[in-house]
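# Summary of structural features
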Amino acid sequence: MASLSLQHIHKVYPNGFEAVKDFNLEIEDKEFIIFVGPSGCGKSTTLRMVAGLEEISSGDLLIDGRRVNDVEPKDRDIAMVFQNYALYPHMTVYDNMAFGLKLRKVPRQEIDKMIHDAAKILDIEALLDRKPKQLSGGQRQRVAMGRAIVRNPKVFLMDEPLSNLDAKLRVQMRTEIAKLHERLGATIIYVTHDQTEAMTLGTRIVVMKDGVVQQIDTPQNLYNKPDNMFVAGFIGSPQMNMIRASVDKNGSDVTVTFGGHTVVLPAAKGQALADGGYVGKEVTIGIRPDDVTVDAEKETAGNVIEAPVGVYELLGSEANLYFDVDSVTFTSKVPAHVTAKTGEVKRFVLDLEKLHVFDSETQRAICH
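## Observations regarding the overall build of the chain
Check the secondary structure of the chain and you find 9 helices and 21 strands. Principal axes of the C-alpha set define a box for the chain whose edges measure 80 × 45 × 35 Å. When each of the 368 residues of the chain is scored for burial, the buried share is 48%. Pairs at least 24 residues apart make up 66% of the contacts formed inside the chain by residues separated by at least 6 positions. Within the structure as shown, the chain displays about 17600 Å² of accessible surface, and the carbon and sulfur contribution to it stands at 47%. Both charge centroids of the chain, one from 43 positive and one from 50 negative side chains, sit 8 Å from each other.

## Quick look at the sheet that holds strand β14 (residues 282–287)
If you walk across this open sheet you meet the 6 strands as β13-β12-β11-β14-β20-β21, and the pairing is antiparallel. Looking at strand neighbours, the two that pair on one side only are β13 (261–264) and β21 (365–367), the edges of this open sheet. Shown here is a sheet whose adjacent strand axes are inclined to one another by a mean of 40 degrees, direction ignored. The sheet contact formed by strand β20 (residues 356–359) and β21 spans 2 bridges and is antiparallel. Bridge pairing in β21 links F358 to A365.

## A word on the nonpolar core
In this structure, M97 and Y190 are the most contacted members of the largest nonpolar core, which totals 47 residues. Looking at this core, the element that brings in the most residues is helix α4 (residues 137–150), giving 6 residues. Non-local contacts of M97, meaning those with residues more than four positions away in its chain, are made with I115, A118, A119, I124, L128, V143, G146, R147 and V150. Counting 31 residues, the second-largest nonpolar core is a separate cluster that includes A307, L321, V325 and V334.

## A look at the sheet that holds strand β4 (residues 58–63)
Strand order in the open sheet formed by 4 strands is β2-β1-β4-β5, and the pairing between neighbours is antiparallel. The open sheet terminates on both sides in strands that have one partner only, identified here as β2 (18–27) and β5 (66–67). With 6 bridges connecting them, strand β1 (residues 4–12) and β2 associate as antiparallel partners. Paired with K11 across the two strands is V20, which belongs to β2.

## Side note on the pairing of β14
Of all 6 residues making up β14, 5 are buried, and the element is well covered by its neighbours. In this sheet, β14 lies alongside strand β11 (residues 241–250) in antiparallel orientation, the contact comprising 6 bridges. By the bridge assignment, N241 is partnered in β14 with I287. The sheet contact formed by β14 and β20 spans 4 bridges and is antiparallel. Across the sheet, T284 pairs through a bridge with F358, a residue of β20.

## Some thoughts on a nonpolar patch on the surface
A cluster of nonpolar side chains, namely Y88, F99 and L103, defines an oily patch on the protein surface of about 280 Å² accessible area. In this fold, F99 is placed in helix α2 (residues 93–103).

## Description of the pattern of salt bridges
Per the stated rule, a full pass over the model turns up 18 salt bridges. A salt bridge links D75 to K74; the nearest nitrogen and oxygen atoms lie 3.6 Å apart. With relative accessibility at 41%, the residue D75 sits in the partly exposed group. K74 gets classed as exposed once you look at its relative accessible area, which sits at 65%. Across the salt bridge formed by K346 and E344, the nearest N and O atoms sit 3.5 Å from each other. Looking at K346, the relative accessible area reads 16%, which means it is buried. Salt bridges linked by common partners bring K11, R48 and E54 together as one network.

The rules behind the values
Residues numbered from 1 in each chain as written. Predicted model: local features only at pLDDT ≥ 70, side-chain atom pairs only at ≥ 80, totals over all residues. Heavy atoms only, no water. Helix = DSSP H or I, 4+ residues; strand = E, 2+ residues; numbered from the N terminus. Buried < 20%, exposed > 50% of the residue type's maximum accessible area, 1.4 Å probe, protein only. Contact = heavy atoms within 4.5 Å. Areas by Shrake-Rupley, 256 points an atom, 1.4 Å probe, with all protein chains shown as cover. Lys, Arg positive; Asp, Glu negative; His and termini not counted. Charge placed at Lys NZ, Arg CZ, Asp CG, Glu CD. Pairing = 2+ DSSP bridges. Axes fitted to C-alpha atoms, helices over the stretch in contact; angles between N-to-C directions. Core = buried A, V, L, I, M, F, W, Y, C linked by side-chain atoms within 4.5 Å. Patch = residues over 30% accessible without salt bridge, like charges linked within 9 Å, V, L, I, M, F, W, Y side chains within 5 Å. Salt bridge = Lys/Arg side-chain N within 4 Å of Asp/Glu carboxyl O.

All we've got here are geometric facts, nothing functional implied.
Set out below in structure tokens:
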């Protein structure tokens, strides 16, 4: 397997559109890196530059310390799994998996062993004689993975490989890919727009927006310590509640006021705002739906918002309650045994220790 280094990578198209701007990333051997972001953010373009399918406008791409900007895709020792599987319809599963090995003049016996080993890992041994049209979407995806595995590449690139599968199969294949990473000890770069996929699979996640890297971090840090409002809103489902608030100082207490509610901030957060010169200014506060409860035992002075429930959404083991704070809709994630009718007034309790505060102008995080 391999380490990769992307140094000041840019992608500019002939019409002047800059799809990727100053992308920098060091990927260690055996890492599982996820590129995530909304459609058009440059994640697939970056992946295709690593594969050699898109030309790098400027910057350096190194694999195991060797600059490969001008190296042909077939000579980069990379295997790519596409969203649409890209299987040859007229060939059997066996021949699809063997195709790349035959081109490399690998001995027949060796090919046979590699294919059966990969098929065993992916549980597709019974499918080797079938054609792609006889397979389900999940089976085709396994074949596409198998074709990548037999090549034993330095790096696996996966471009939205699960987006064509139904919800149940996606969860199953996610588990399979995680197991595969463990078993192969492979270096994987994986592109998705699905942040649940990103959070469950990646050792590190690269969050992108408009061709710019917003944050590179572990799933835990992205969730608990987002660098800016975009990352805070993009990572986590349902997304973080955010609202504008004004900052004041009352003796030694620093308070934030929003939608007619004033709360006293925990000392460390208050100190961060005072030191940053935010007293008397407006900030944006954010709190995750998990940290907005209806637990009366967690009530303290000033951390309760009384509001009628707008929508009650049962999701099996939990439920989402939606309510309005000064025309901004908030979400509270509660256990399923908490029931509510539309219009029923609830006391929503904010865990102020989990409050995030952002600079409204720069959108950067001030404190968590």
